Amino acid sequence: MTTPWSRRGFLTVCSGTTLALGLGTRAPAASDEFATLRARWRALILGEGFSAAAEPFKSRLAGLGRTASRHRATMAPTAGSLWPDLVYADPGPDTDQESVGRSGNMHTSYARLSTLAQAYGQPGTGLTGDTDLRDAILTGLDHLHDDVYNTNRTWYGNWYSWQIGAPQALLDVCVLMHNALSAAQLAGCLAAVDHFVPDSAVGSYSGTSTGANRVDLCRVLALRGIVGASAAKVALARDALSPVFPYVTSGDGLYADGSFIQHTTVPYTGSYGSVMLGGLGLLFALLAGSSWAVTDPNRQIVFDAVEHAWAPFLYNGLVMDAVAGRAISRGLAAADPQRIQQDDHVRGHPVLGAIVLLGQGASAAENARWRALVKGWMQRDHYSPPLADPVLSLPHLARLKGVQDDGTVTAVAEPTGHRLFPSMARATHRRPGWAAALSMADRRITYYETGNGENLRGWHTGAGMLYWWGDTFANGQYSDAFWPTVDPYRLPGTTVSRKVLADAAGGDWGAAKPDVNWVGGATDGQWAAVGQHLKGLQSTLVAKKSWFFLDDAVVCLGAGITCADGTAVETTVENRNLGPAGGAPFTVDGTVQPASSPWSATLTGAKWAHIGGHGGYVFPGGATVRALRDARDGSWAALNKGGSSTVLNRTYLTMYVDHGTDPANASYAYLLLPGATAARTRARAADANWLGVPANTNSRQGVTVPSLGFTGVNFWAGGSVGTLTASDPCCVMISERQDGTAVIAVSDPMRMRTSLTLTWRRAVAAVTSAPATLASAATGATLTLAFGDLTGTAGATQRVAVRLG
């Protein structure tokens, strides 16, 4: 077992001086401020304002104590590992998958020491202030330093483990155990951090030092400065945050339309975005009122993003998988002895806690509004109540409990409306009773992300996957072992070739992107028309897909579906996870189908279908649809090399349109009615006047809903559809209101138009508002709108308000 630091080892690490590490003589005032910041960080990571004797904290603290006891009992320092199950010694250090795993074990070893330190410092763990535990923590720190994390080492495997994961956990331990650590031990720890995370790590806003990663690096530098009493390090950390705040127009970061990108091409609001939001909340709170407070006025962009970027993807406590990247494959980990599954709810709860923390530094109005939103999300999360989340950090638990118990906060309902995120090819639609999300891909946004052996079969998540949830039902649709058991070629809403793809097809880190740029739509803020020019991953498949998002329905069209892969091509209308039992009734045109599994049928001329407890589906004019109810086996290990190999089983009700092998210009049309009863579904199918489909071709797709005053058209090429004529490709949505006004929403999803002329054959009395790009407008029996250069609008919707004649 490694002994406490020898003088020789200390001098080797420190080059004979503690002054270089900021541990030498310092002014008392500065020392007091650093001590204050250490105490503040301690409170931030341990939590405050809760009673250790009250639930849910009592049970959580007891559990922490049990986990710490188990880790202490199994700690066995030896060359190459601190715990037998976490060998970090790498016989062939490089960046291959084995090395990534070994570096991850090093990071996890520090994380376990952090767990021990939390159990030592927290009340109610049964180990509070335990001297044997203290000695074990110090022994572990000494061993990891001497054996792997020191100034003589070169990193291998995953850079993240060395620059973010390990040093964050190490510095947390340094804060929590500060009074027990000698100057020599602190100096060694700080020297190692300086070695792997030099100032140059934030020298330029590029590479791995952007977005959430940059915030994580700043956390390391700030804590290194606070532990080592280095004002320069803390100032560097504060200043290095500033490039994170401004909106970006390419690459990683926040976009003006609410998009958040990490790894250059991956929509990541719900994973890396969560890390960034939480990290900024911690750093704002840590440095507030100090000599290094974050005062950059651009930090308001982050506050604005709470409702602009994150809230649209939060629903009843979950964060939508459409913006979680490869995190969707992190369910049950093979190395997790507690066997706690990660899912969209478990990813959503820390976002709620981060919003509460961030609110402490925002305006009083913002803070009050956010707490009301969070309270509503918490109250509606019946599937996975946040305060019962076994992996939610205790500080977040305390913050959310504080919101729940705050009688001055009134929960607000889920906001309604439609949001388009052109910069990350995503859309969300929220109506009373349900919400939906759509994920697409184009030449800027990857099909999917794989990397580090994760998300090996997410190939088609960007092929128009349409997710949806009910307000009081189906909130576990994608949480309940969906990803390891669903057929990855039949994701709901997608059109795909059945061509067999290899695990991680297309390459790591979002390398594969389709060579298309018509992806996007137009919205008035409530309804929307959205389209995707689809090209299949490693496939000859091409198609035009459109979605029209309305009050109680999503109208889905497909056309120009062509492929020469020598395989079948399918559009999946629905693939509903019915859980282990799978007994939800399935009705087609009034006839209840068998509830047994496996069952399959070809539904010829089907007009409508209904899944009990979920919703309805309408096929205008009738359609031939394949349906099956089957139980599927799968494991997380098949999707993620770190996943559990335990075989799971779930039953699915699937409906798909079989376009045949190598189709040419095939098409489909259907309506999704979330939450609809069978009676309402039947009535909608019987109402021939509710929906008009004036176009569904490779060049134009459009619908009209006269009762709503809705018209939506995706012009893949210029031409006419009904009363609309467009000079060039564009998306148009018109909403005629009962008060005699209308809103015309137009966008150029291709971002190529230097001019665009739109003609609407409708009597208009006056144009009451229009964007600056509108060069002219003529009113009368025909309205002509001539837009100027739209290339700078980044695919955003341009709205024209008119008074009808």
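Residues numbered from 1 in each chain as written. Predicted model: local features only at pLDDT ≥ 70, side-chain atom pairs only at ≥ 80, totals over all residues. Heavy atoms only, no water.

**Student:** Lay out the overall build of the protein chain in plain terms, naming residues and giving numbers.
**Tutor:** A tally of helices and strands in the protein chain yields 16 helices and 33 strands. A compact globule built from 805 residues would reach a C-alpha radius of gyration of about 28 Å, and the protein chain, at 28 Å, matches this within 12%. In terms of its C-alpha atoms, the protein chain occupies a principal-axis envelope of roughly 90 × 60 × 55 Å. Taking all 805 residues of the protein chain together, 61% fall into the buried category. Summed over its atoms, the accessible surface of the protein chain is roughly 27,500 Å², and 52% of this surface lies on carbon and sulfur atoms. Across the protein chain, the 63 positively charged side chains and the 61 negatively charged ones have centroids separated by 2 Å. (Helix = DSSP H or I, 4+ residues; strand = E, 2+ residues; numbered from the N terminus. Rg over C-alpha atoms; globule rule 2.2 N^0.38 Å. Buried < 20%, exposed > 50% of the residue type's maximum accessible area, 1.4 Å probe, protein only. Areas by Shrake-Rupley, 256 points an atom, 1.4 Å probe, with all protein chains shown as cover. Lys, Arg positive; Asp, Glu negative; His and termini not counted. Charge placed at Lys NZ, Arg CZ, Asp CG, Glu CD.)

**Student:** Lay out the nonpolar core in plain terms, naming residues and giving numbers.
**Tutor:** If you look at soluble globular proteins, the nonpolar side chains tend to sit buried side by side. Grouped together as the largest cluster of nonpolar side chains are 204 residues, with contacts concentrated most on Y110, L113, Y149, W483, F586 and M655. Looking at which element gives the most residues to this core, the answer is helix α6 (residues 159-176), with 11 residues. Once residues lying within four places of it in the same chain are set aside, the contact partners of Y110 are L141, L144, H145, Y149, A166, A169 and L170. Core analysis: the second largest hydrophobic core is formed by 25 residues, L550, W690, V705 and F710 among them. (Core = buried A, V, L, I, M, F, W, Y, C linked by side-chain atoms within 4.5 Å. Contact = heavy atoms within 4.5 Å.)

**Student:** For the confidence of the model for the protein chain, give the residues involved together with the corresponding values.
**Tutor:** The predicted model of the protein chain has a mean per-residue pLDDT of 94, with 96% of residues at 70 or higher. Scored below 50 in pLDDT, residues 1-28 shows 47 contacts in the model against residues more than four places distant or in partner chains. (pLDDT = per-residue confidence, 0-100.)

**Student:** Could you give an account of the side chain of S747, naming the residues involved and the relevant values?
**Tutor:** Along the chain, S747 turns up in strand β28 (residues 741-747). Beyond its immediate sequence surroundings of up to four residues, S747 is in contact with G521, A522, C730, C731, G795, A796 and T797.

**Student:** So what's going on with the packing of helix α7 (residues 183-196) against helix α8 (residues 211-227)? Residues and values would help.
**Tutor:** α8 packs onto α7 with a crossing angle of 150° between their chain directions and a minimal axis gap of 11 Å. The orientation of α7 relative to α8 falls into the category roughly antiparallel. Our pair here, α7 against α8, has a crossing hand that is left-handed. In contact with L186, L190, V193 and D194 of α7, α8 contributes V220, R224 and V227. Tallied by class, residues from the contact of α7 with α8 come to five nonpolar, no polar and two charged. (Axes fitted to C-alpha atoms, helices over the stretch in contact; angles between N-to-C directions. Parallel < 35°, antiparallel > 145°, perpendicular 65-115°, else oblique. Left-handed = near helix turned anticlockwise from the far one by under 90°. Nonpolar A, V, L, I, M, F, W, Y, C, P; charged D, E, K, R; others polar.)

**Student:** Requested: an account of unusual backbone geometry, with residues and values cited.
**Tutor:** The omega torsion across E55 and P56 is 5°, close enough to zero to call that bond cis. With an omega of 5°, the peptide bond running from S597 to P598 counts as cis. Counting through the fold element by element, P598 comes out in the loop between β17 (591-592) and β18 (599-611). In this structure, R339 takes a positive phi of about 55° despite not being glycine. Relative to the helices and strands, R339 resides in the loop between β5 (318-319) and α12 (344-359).

**Student:** Kindly report on the sheet that holds strand β32 (residues 783-787), identifying the contributing residues and their values.
**Tutor:** Overall, antiparallel pairing links the five strands, which are arranged β25-β26-β29-β32-β31 in an open sheet. Since the sheet does not close on itself, it has two edges, and those belong to β25 (719-721) and β31 (774-778), each with one partner. In this sheet, neighbouring strand axes are inclined to one another by 15° on average, regardless of whether the strands run parallel or antiparallel. Across five bridges, the pairing between strand β29 (residues 756-760) and β32 is antiparallel. What sits directly across from T759, in β32, is T784. (Pairing = 2+ DSSP bridges.)

**Student:** Lay out the sheet that holds strand β7 (residues 426-431) in plain terms, naming residues and giving numbers.
**Tutor:** Read from one edge to the other, the open sheet built from four strands follows the order β6-β7-β8-β9, with strand pairing classed as antiparallel. Two strands bound the open sheet, and with one partner strand each, they are β6 (417-421) and β9 (465-470). The average undirected angle you get between the axes of adjacent strands in this sheet is 10°. Summarising the sheet, β6 and β7 pair through five bridges and their orientation is antiparallel. Bridge pairing in β7 places L420 opposite A427.

**Student:** Before we move on, could you go through the packing of aromatic side chains and cite the residues and values that matter?
**Tutor:** Counted by the stated rule, this structure contains 28 aromatic pairs. Relative to F710, the ring of F548 has its centre 6.5 Å away and its plane inclined at 75°; by these criteria the two rings are edge-to-face. Here F548 is found in strand β13 (residues 542-549), whereas its partner F710 is found in strand β24 (residues 710-715), with 162 residues between them in sequence. Take F710: its relative accessible area is 1%, and that puts it in the buried class. Counting every residue linked through ring pairs, the aromatic cluster contains Y315, Y467, W469, Y478, F482, W483 and Y652. (Phe/Tyr/Trp six-rings, centres within 6.5 Å; stacked < 30°, edge-to-face > 60°.)

**Student:** I'd love a proper account of the pairing of strand β21 (residues 666-674), names of residues and values included.
**Tutor:** Burial analysis of β21 places seven of its nine residues in the buried class, the great majority of the element. Bridge analysis of strand β14 (residues 554-562) against β21 gives six bridges, and the strand direction is antiparallel. Looking across to β21, one finds that V555 is bridged to L671. Here strand β19 (residues 615-634) runs beside β21; their pairing, made up of four bridges, is antiparallel. The residue of β21 that forms the bridge with V618 is L671.

**Student:** Explain the pattern of salt bridges to me, and be specific about the residues and the numbers.
**Tutor:** Tallying each qualifying case throughout the model produces 31 salt bridges. Residue R347 pairs with D321 through a salt bridge whose shortest N-O separation is 2.7 Å. In this pair, R347 sits in helix α12 while D321 sits in the loop between β5 and α12, placing the two residues 26 residues apart along the sequence. One network of salt bridges, with partners in common, ties together D194, D199, R224 and K233. (Salt bridge = Lys/Arg side-chain N within 4 Å of Asp/Glu carboxyl O.)

**Student:** Before we move on, can you summarise the environment of V294 with the specific residues and values?
**Tutor:** If you trace the backbone, V294 turns up in the loop between α10 (272-287) and α11 (299-310). Each C-alpha atom of the pair V294 and V275 lies 18 Å from the other, and the pair is 19 residues apart in sequence. In this structure V294 touches R238, L241, F245, F284, L287 and R299, once residues within four positions along its chain are discounted.

**Student:** Please provide a residue-by-residue account of α11, values included.
**Tutor:** Under the 1.5 Å per step criterion, the end-to-end length of α11 is 16 Å for 12 residues, consistent within 8% with the ideal 16 Å. The complete set of buried residues in α11 reads I301, V302, F303, A305, V306, A309 and W310. Contacts from the buried residues of α11 go to β1 (253-254), α10, β4 (314-315), α12 and α13 (364-380). (Expected span 1.5 Å × (residues − 1).)

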